[in-house]
Every structure is written in C-alpha cells, then in structure tokens.
Amino acid sequence: MARYIFITGGVVSSLGKGLASAALGALLQARGYTVRLRKLDPYLNVDPGTMSPFEHGEVFVTDDGAETDLDLGHYERFTGVAARRTDSVSSGRIYSTVLEKERRGDYLGKTIQVIPHVTNEIKDFLSIGEDEVDFMLCEIGGTVGDIEGLPFFEAIRQFTHERPRGQCILMHLTLLPYLAASGELKTKPTQHSVKELQSIGLAPDVLVCRSEHPIPEREREKIALFCNVRKEAVIAAYDLKSIYQAPLAYHKEGLDQAVLDAFGISPAPKPNLSRWHDVMDRLEHPEGEVKVAVVGKYTQLEDAYKSIAEALTHGGMANRVRVRAEWVSSELFEREDPAPYLEDFDAILVPGGFGERGTEGMIAAAKFAREHNVPYLGICLGMQLAVIEASRNVAKVEDAGSEEFDHEAGRKRFTPVVYHLREWVQGNHVVERKVTDDKGGTMRLGAYTAHLAPGSLVSDVYGATQIEERHRHRYEVDTAFREKLETCGLCFSGMSPDGRLPEIVEWKDHPWFIGVQFHPELKSKPFAPHPLFAGFVKAAVESARLV
Ligand code: GLN
C-alpha cells in the first residue's frame, strides 16, 4: 500500500510546488523507492486541452492520450516515470463525472452534495493504483483558501483520517518575504497560511519555505514553534539558476530526510544521487554554445513551449554544449525577410501550434533552413508547414496549404496537402471523428507506433526502425502528394504501421532537416535526452563549426 504525500501551497501562487514535488519524487527514487506523481487542479475546465497556451502554458500529453497540466511534464522529466491519464484531474472532471452519474441514476435519487459525493469521487481518484508504488505524491493546484480548491482539501482531510495513522503526510510550500527596509525575513504570511490549513482540519508535517535570503536559525525556530512542525522539517527553498539543481539543493536542505522522518521510516535508506551529479556536471561545464531559433506563435509566454525548452537543454547536455534558444515570433517573417535574422542561428526549430496566424512566417523559416542547409526540426505543425513549403516551392503545387486554415477562414483557398483526419487506426480498432465534433479530447492523442525507413537519417538518429511517440493533432499530411514530393527529395521516412499516415519527413540532400508529426519533446529527460533533440543539437554544433 502506497504512502501518500500531499503537496499544497500558500501565501502566493507560482512558488514552484510542481518542481518541489518532482524533485522530492526524484530524491525518493534515489533512495530506492518507487514513486508516482499526481496533480489535482481546482479549475473547472474538464482538462487543459481546450485552454489557450497563453492562458495556461503547454498542454502535456500522456502515452494513454490524456491532455494534462504541464506539471506532469516536470514529474516525468525528473522521475522518468511515464505520466498516465489517472495522474491528472480537475474540479471540472470530478464534477462532470458526478453529474453524469446523477443523470444515469447511480445515486438512487439521493440529494447530491459536495460532501460526500464530490469528495468521494476525489478519494476514489486518489486511491487508483495505490498498490503499485511505495510513494504517491499528490500536488494540489492553486493556494490554500481558494474557493475552488476546498473540496480537494476536504477530501484529503477525510482520506488521511480514514487511512491508518502514518500513511499520509502533508507538505506545504510558503513564501518568506524579505523586507529590505528592516533587513528581515517575515514569517507571518507563513503562519497565516498554516492557520488557514488548520481551519480546514489539515496540518503540515513538512514546511518548504521559498526565500531569496538565507533563513536564520532564529526564524526557523520561530516558524517551527508557531506552525507546529519540527525544526528539521522547516526546509529552505532558495532560488536556483537551473531547475535541475532542485533535487540536489532540496537534498542538501534535508527535504527527503524530513519526509522519511515524518513517516517514521528509520533508518532511512542511503540515497544514490549519481544521476543528478552527472546531470549537473553536464549542465554546469559545457564545452561550447549553439544558438537555436524557435520560430513559433506562442512566443510571449515561456511556459507555452515548456517541454521544447527543456528538451533543447537536454539535447545540449547530450553534446556537452549550452543551447541558447531564442523565441522568435513567426509573424515577424511575414513582414520582413528572415535571412538577416536567421543567419545568426546554428539551427531552426518550428514547434507545434494551432490556427493560421503566423504560419506564413514559419513557412518562410522552413524555406530558409532548406535553402541554406541549416539544421531544421519541425514538430507537428512545424512538419506540416515544411511539407507545405516543399509542395509550394519545390514540387510547384503553388497553392498548397492546410485544410485547417481553410476551415478556420470558412472558405476554400488551398490545395490541401495537409487534410483533416477523420478516421485512423489505434491499436486494433478504428477511431472516427467529424468536423463538427466537440473540441475537447477529439484529436489524435497519445502514443502511436511509427515505422522508420531503414537507411534514413531518422532511423540513424534513433538507432531503431520502430518507435513510439506521442501525438496531439487533428490534421495530417496527405500521402496523395508523396510520390511527387519524394521525386523532389523530400522523403517520407516514417509512416504509421498501416502505411497511411506520414509520421516523419526529411530532405535527402540536406545535412539535417527532419519534420515529425508527433511531439518528441514530451519524452525527453535530462538523464536521457531524446535522440531527436540530441541529434538536432549535434547537427547545430556541426553547422556552427562550418561557419
Ligand atoms: N494544428 C495542427 C493540427 O491540428 C498541428 C497541431 C500541433 O502542432 N500540435 O494538426
């Protein structure tokens, strides 16, 4: 039976709860335990799939096809444990399940209430897979006191109460603001947020305090006394240059020890942190630097391409170089020639995206990469646009475009070399979609197998001829243009097992130009960089040496 660690936050949002949870997961693994991490989000969206990346950052997709919060990406990057559908839930999902059950008559005419019906649903969610791991880490989104979060906190209270003593602990993150005028760290907001927890029947066992300044012993004692936690369980969390320092930094502050103490696990198994020492060594001692332009649409918000940013860093670590990624709004290249701008970069990446805005600029970037032998990685939309570029400028299908843009505009303007996919094979059954389907959860989502052409660049990059990668898209490159494009040199080097869906394209006479229909960034880890990102950065290093 798993031990449960609930992770909550107070005082302000954006304290790095996700990172603290992920780092703790990694530290427990380093001590030989198995872990699983989960996110409970108080918002009313059923899942983040329909939320704008500007609003909520990237949508992280799991192998089993769930569209989840980007914190699951952190969990996976730090622990290497593949996230699952049952690792993410929102209030919206919980309420919609309760209401479905009510409509079906499952509650036999009872009055449906937050307690017990909603809280039961949350507790059922928490219990899923509890026999599978040693520790289940459950992070609650938002801050204590938020109206939407209350049912989650109440469910945790009941859950902890119903379980044998010592099976659940609570770790609470707070902020210690620094008052420059008096030169002091203030503990009062932390005390208040712990009070808020206590008023709903919860008490922290471990307090993680974010602080920009060292926490003096005296303040630590004060926090322990007023917040009713042991002094050793008041853990400092200082700002870090890189998120990958978090496991070692938290270990140094005694987080994993405090958690094991709170469970009464003694003696605690010794940690093996060699994985994280190696990660830090690669990160802190690069032997060079490359510049990569990420030409996309959601460039104002860093979190919108979170996994891509991380995967590029991992690709750098694989090659012992620092990757300087610059986020370029593709709309710029609709007004200006991209050449003077892109000449400065060693490689170009066009990421995923939705809608027509900015796509002509991305096409211009793909054209520049092809013509100037600059390494190019096109991801999802970035692959579709590379095919459109090839069709227009090399295969002379001058009005080539994507059906997505015609659908959006409500009229036909393009020859669709990228079309709306309505039927495909998943495992051994056929999935069907209509244009009029709901927006939520109706894309081709999750892990699919692809067969790679032997002798292709991509099979060399992977060192394999069969791969499995995660998808999230509605549109697909049309094989009707395959022959024409292959004659021009754009090879369809990865296909779905039934040979109907192009998964990967690459230019034959180019040092490194690959477009993939899936999202490789979602599976990259600092201790296991994704082969496509490792290969892409290697090509960037080589191209940097040539100039
Ligand atoms: N908008 C494109 C599609 O739906 C690409 C999606 C993506 O880049 N994730 O197919």
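See the structure printed just above.
Residues numbered from 1 in each chain as written. Predicted model: local features only at pLDDT ≥ 70, side-chain atom pairs only at ≥ 80, totals over all residues. Heavy atoms only, no water.

1. Here's the deal with the overall build of the chain
Counting its regular elements, the chain contains 20 helices and 25 strands. The C-alpha atoms of the chain give 25 Å as radius of gyration, which agrees with the globular expectation for 547 residues (24 Å, within 12%). Its C-alpha atoms give the chain principal-axis dimensions of about 75 × 65 × 45 Å. Here the analysis covers contacts within the chain between residues at least 6 apart in sequence; of these, 72% occur between residues at least 24 apart. As presented, the chain carries roughly 23,100 Å² of accessible surface, and 49% of it is formed by carbon and sulfur atoms. Treating the 63 positive side-chain charges of the chain as one cloud and the 80 negative ones as another, the clouds have centres 3 Å apart. (Helix = DSSP H or I, 4+ residues; strand = E, 2+ residues; numbered from the N terminus. Rg over C-alpha atoms; globule rule 2.2 N^0.38 Å. Contact = heavy atoms within 4.5 Å. Areas by Shrake-Rupley, 256 points an atom, 1.4 Å probe, with all protein chains shown as cover. Lys, Arg positive; Asp, Glu negative; His and termini not counted. Charge placed at Lys NZ, Arg CZ, Asp CG, Glu CD.)

2. Things to note about the nonpolar core
Judged by nonpolar contacts, the single largest core of 51 residues is most densely connected at Ile-5, Phe-135, Met-171 and Tyr-250. A per-element tally of this core places helix α1 (residues 17–30) first, with 9 residues. Among residues more than four places away in sequence, those in contact with Phe-135 are Arg-3, Ile-5, Leu-28, Tyr-33, Thr-34, Val-35, Arg-36, Leu-260, Phe-263 and Ile-265. Ranked by size, the runner-up nonpolar core spans 43 residues in total, among them Ile-348, Val-374, Ala-390 and Tyr-475. (Core = buried A, V, L, I, M, F, W, Y, C linked by side-chain atoms within 4.5 Å. Buried < 20%, exposed > 50% of the residue type's maximum accessible area, 1.4 Å probe, protein only.)

3. Considerations on the pairing of strand β10 (residues 206–211)
β10 sits mainly inside the fold: 5 of its 6 residues count as buried. Looking at chain direction, strand β7 (residues 168–175) and β10 are connected through 5 bridges and run parallel. Looking at β10, one finds that His-172 is bridged to Leu-207. Viewed along the sheet, the connection from β10 through helix α8 (residues 217–227) into strand β11 (residues 234–238) turns out right-handed. (Pairing = 2+ DSSP bridges. Right-handed = clockwise from strand over helix to strand, strands pointing away.)

4. Here's the deal with the sheet that holds strand β2 (residues 35–41)
Reading across the sheet, the 7 strands line up as β5-β2-β6-β1-β7-β10-β11 and stay open at both edges, with parallel pairing between neighbours. Edge positions in the sheet fall to β5 (88–90) and β11, since each of these pairs with one other strand and no more. Across the sheet, the mean angle separating the axes of adjacent strands is 20 degrees when strand polarity is ignored. Note: β2 against β5, 3 bridges, orientation parallel. Bridging across to β5, Lys-39 finds its partner in Ser-88. In this fold helix α3 (residues 71–79) packs onto β2, β5 and β6 (135–140), with an angle of close to 170 degrees to the strand it touches most, β2. (Axes fitted to C-alpha atoms, helices over the stretch in contact; angles between N-to-C directions.)

5. Some remarks on the packing of aromatic side chains
A full pass over the atoms with the stated rule returns 15 aromatic pairs. Taken together, Phe-78, Tyr-244, Trp-276 and Phe-527 form an aromatic cluster joined through their ring pairs. The ring of Phe-345 carries the charged tip of Lys-291 above its face, separated from the ring centre by 4.9 Å. (Phe/Tyr/Trp six-rings, centres within 6.5 Å; stacked < 30°, edge-to-face > 60°. Lys NZ or Arg CZ within 6 Å of the ring centre and 35° of its normal.)

6. A short note on the environment of His-117
Locating His-117 in the fold gives a position in helix α5 (residues 114–127). Remark: the alpha-carbon pair of His-117 and Ile-94, spanning 23 residues in sequence, is separated by 9.9 Å. Beyond its immediate chain neighbours, meaning those up to four positions away, His-117 contacts Val-98, Tyr-107, Thr-111 and Ile-112. Here the side chain of His-117 touches Gln-113 through a polar contact of 3.0 Å, landing on its backbone nitrogen. (Polar contact = N/O pair within 3.5 Å; in protein donor to acceptor, adjacent residues only side chain to side chain.)

7. What to know about a negative patch on the surface
On the surface, Glu-336, Asp-337, Glu-343 and Asp-344 cluster together into a negatively charged patch. Along the polypeptide, Asp-344 turns up in the loop between α14 (339–342) and β14 (347–350). (Patch = residues over 30% accessible without salt bridge, like charges linked within 9 Å, V, L, I, M, F, W, Y side chains within 5 Å. Salt bridge = Lys/Arg side-chain N within 4 Å of Asp/Glu carboxyl O.)

8. Brief notes about the site of the ligand
Within the structure, the ligand sits among Gly-352, Gly-353, Phe-354, Cys-380, Leu-381, Gln-384, Glu-404, Arg-472, His-473, Arg-474, Tyr-475 and His-519. A distance of 2.7 Å separates a nitrogen atom of the ligand from a polar side-chain atom of Glu-404. The fraction of the free accessible surface of the ligand (300 Å²) that becomes covered by protein chains is 99%. Mapped by element, the contributors of at least two residues to the shell around the ligand are α16 (381–393) and β21 (466–473). (Near = heavy atom within 4 Å.)

9. Concerning the sheet that holds strand β22 (residues 475–477)
Pairing is mixed across the open sheet formed by 3 strands, whose spatial order is β16-β17-β22. The outermost strands of the open sheet, each flanked by one partner alone, are β16 (400–402) and β22. Each strand axis lies, on average, 35 degrees off the axis of its neighbour in the sheet, ignoring direction. For β16 and strand β17 (residues 415–420), the ladder comprises 3 bridges, and the chain directions are parallel. The partner of Gly-401 across the bridge, within β17, is Pro-416.

10. Observations regarding the side chain of Asp-87
Note on placement: Asp-87 falls in the loop between α3 and β5. A residue is classified by how much of its surface remains accessible, and Asp-87, at 3% relative accessible area, is buried. Side chain to side chain, Asp-87 and Arg-36 meet in a polar contact 2.7 Å long. Within the structure, the side chain of Asp-87 is placed 3.5 Å from the side chain of Arg-38, a separation counted as a polar contact.

11. Structural notes on the pattern of salt bridges
Applying the stated criterion to the full structure yields 40 salt bridges. In this structure, Glu-389 engages Arg-370 in a salt bridge whose closest nitrogen and oxygen atoms are separated by 2.7 Å. Of this pair, Glu-389 sits in helix α16 while Arg-370 sits in helix α15 (residues 359–371), placing them 19 residues apart in sequence. Glu-389 gets classed as buried once you look at its relative accessible area, which sits at 0%. What makes Arg-370 buried here is its relative accessible area of 17%. Among the salt bridges present, the one from Asp-406 reaches Arg-413, with a minimum N-O distance of 3.2 Å.

12. Overview of unusual backbone geometry
For the bond from Ile-115 to Pro-116, the omega torsion is 10 degrees, close enough to zero to count as cis. With an omega dihedral of 0 degrees, the bond running from Ser-266 to Pro-267 counts as a cis peptide bond. Here Pro-267 shows up in the loop between α10 (255–262) and α11 (274–284). The backbone of Ser-14 sits at a positive phi, close to 60 degrees, despite the residue not being glycine. Residue placement: Ser-14 occurs in the loop between β1 (3–9) and α1. With a phi angle near 50 degrees, Leu-108 is a residue other than glycine that sits in the positive phi range. Along the chain, the position of Leu-108 falls in the loop between α4 (91–104) and α5.

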